Amino acid sequence: MAARRFRHPAVPPLAALAAGLAGAVHLWHTDPHEGGALLPRCPVNWATGLDCPACGGTRMAYHLLHADVPAAFQDNALLLVAGVPLGAWLGARWLWEGLRGRRYRPRFARWQAALVVGGAVAWAVFRNLAQ
Ligand SMILES: [Zn+2]
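Residues numbered from 1 in each chain as written. Predicted model: local features only at pLDDT ≥ 70, side-chain atom pairs only at ≥ 80, totals over all residues. Heavy atoms only, no water.

Let us look at the overall build of the protein chain. Along its length, the protein chain carries seven helices and zero strands. With the C-alpha coordinates of the protein chain rotated into their principal frame, the extents come out at 55 × 40 × 30 Å. Scored against the burial criterion, the 131 residues of the protein chain give a buried share of 21%. A separation threshold of at least 6 residues defines the contact pool for the protein chain, and within that pool the share at least 24 residues apart is 54%. Accessible surface for the protein chain amounts to roughly 9,400 Å². Of this, 68% is attributable to carbon and sulfur atoms. (Helix = DSSP H or I, 4+ residues; strand = E, 2+ residues; numbered from the N terminus. Buried < 20%, exposed > 50% of the residue type's maximum accessible area, 1.4 Å probe, protein only. Contact = heavy atoms within 4.5 Å. Areas by Shrake-Rupley, 256 points an atom, 1.4 Å probe, with all protein chains shown as cover.)

Spelled out as structure tokens, the structure:
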């Protein structure tokens with residue numbers, strides 16, 4: 001019976017929400033600008049020294065949590081303007097459908113996937129050349 005309860009469509013989005021809230025609480029108290037913070041480092045940046053499209057995302061989230069939107073924009077503008085709303089929409093929809101007992105599998109048109117991937121690649125090239 002317990003295994004069946006865990007298969008309810010609301011469990012994965014609720015677990016993701018709980019993990020996100022726990023991460024937000026940790027990040028609230030952990031300034032990523034200070035060395036030695038217990039935060040994951042970007043593997044792309046670690047291996048290559050280049051910024052990936054999401055680099056600065058932890059600092060951006062820290063500033064958003066502290067209501068400093070201009071600083072969040074400085075850390076990763078595209079992630080703030082496009083990634084946060086898209087992620088919030090997909091997460092909210094996943095939770096909404098799960099709470100209604102339905103599984104949510106987002107479907108993207110080919111042009112939408114190309115837009116996301118192309119935008120991310122263009123953003124990575126731009127921000128590495130702009131440094
Ligand atoms: Zn990165």
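Read on for the rest.
Turning next to the confidence of the model for the protein chain. This prediction gives the protein chain a mean pLDDT of 92; 95% of its residues lie at or above 70. Ranking the elements of the protein chain by mean pLDDT puts helix 1 (residues 2-6) last, at 60, and helix 5 (residues 69-75) first, at 97. (pLDDT = per-residue confidence, 0-100.)

If you check the backbone angles, alanine 67 has positive phi at about 60 degrees while not being a glycine. Of note, alanine 67 is situated in the loop between helix 4 (57-65) and helix 5. Residue class for alanine 67 comes out exposed when judged on its relative accessible area of 65%.

This paragraph deals with the coordination of the zinc ion. The zinc ion binds to the protein through Cys42 (SG), Cys52 (SG) and Cys55 (SG), with metal-donor distances spanning 2.1 to 2.2 Å. The sequence motif formed by the donor residues of the zinc ion is C-x9-C-x2-C. One end of the pair, cysteine 42, is in the loop between helix 2 (11-28) and helix 3 (43-48); the other, cysteine 55, is in the loop between helix 3 and helix 4, with 13 residues separating them in the sequence. (Donors = N, O, S within 2.8 Å, 3.2 Å for Na, K, Ca; no water.)

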